[in-house]
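Here is how the chains run, residue by residue.
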Amino acid sequence: MKIFRFLLGLLLPPVGVFLTVGVGPTLLINILLTLLGWLPGSIHAVWVIAKHEEQTNAERGSY
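Residues numbered from 1 in each chain as written. Predicted model: local features only at pLDDT ≥ 70, side-chain atom pairs only at ≥ 80, totals over all residues. Heavy atoms only, no water.

1. Description of the overall build of the protein
To be explicit about the condition: Going along the chain from the N terminus, every DSSP run of H or I of four or more residues is numbered as a helix, and every run of E of two or more is numbered as a strand. We take the radius of gyration over the C-alpha atoms and set the globule estimate at 2.2 Å times the residue count to the 0.38 power. Any residue under 20% of the maximum accessible area for its type is buried, any over 50% is exposed, and the rest in between are partly exposed; the area is computed with a 1.4 Å probe on protein chains only. Note on contacts: a residue pair is in contact if any heavy atoms of the two residues lie within 4.5 Å. With residues, only the protein chains shown are counted as cover, and all accessible areas are computed by Shrake-Rupley using a 1.4 Å probe.
Each helix and strand counted, the protein has four helices and zero strands in total. Start at the N end of the protein and walk to the C end: the helices and strands fall as α-α-α-α. In summary, the protein has a C-alpha radius of gyration of 11 Å against a globular reference of 11 Å for 63 residues, a match within 12%. Taking the principal axes of its C-alpha atoms as reference, the protein extends roughly 35 × 20 × 15 Å. Among the 63 residues that make up the protein, the fraction classed as buried is 30%. Taking the contacts inside the protein whose residues are at least 6 apart along the sequence as the reference set, 46% of them involve residues at least 24 apart. Accessible surface, the protein as shown: approximately 4,300 Å² in total, 73% of it carbon and sulfur.

Rendered as structure tokens:
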């Protein structure tokens, strides 16, 4: 599932962010960045997905 979210984050940034964090300010920021250009939206999406994975792993106690 993690790789699928990263691929969606690259190809369809808002969908990847939505599947990772749901509806909220992060998704709105990503939609705005994607409207400004595909690259800013993709970079933000990959960053959000990576940070979410990092936090999830930290909560589980594994890195």
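That was the structure; now back to the text.
2. Notes on helix α2 (residues 13-21)
The condition is simple: By definition, the arc is the one covered by directions from the helix axis to the C-beta atoms.
If you check which residues of α2 are buried, you get Pro-13, Gly-16, Val-17 and Thr-20. Taken around the axis of α2, the buried residues stretch over an arc of 95°, which confines them to a single face. Where the residues of α2 are buried, they touch α1 (2-11), α3 (25-36) and α4 (38-60). Following α2 by one or two positions, Gly-22 has its phi on the positive side, about 80°.

3. A closer look at α4
Note the following rule: Multiplying 1.5 Å by the residue count of a helix minus one yields the expected span of that helix.
Under the 1.5 Å per step criterion, the end-to-end length of α4 is 33 Å for 23 residues, consistent within 8% with the ideal 33 Å. The complete set of buried residues in α4 reads Gly-41, Ser-42, His-44, Ala-45, Val-48, Ile-49, Glu-53 and Thr-56. Here the buried face of α4 lies against α1, α2 and α3. Positive phi shows up at Gly-61, right after α4, with a value of about 90°.

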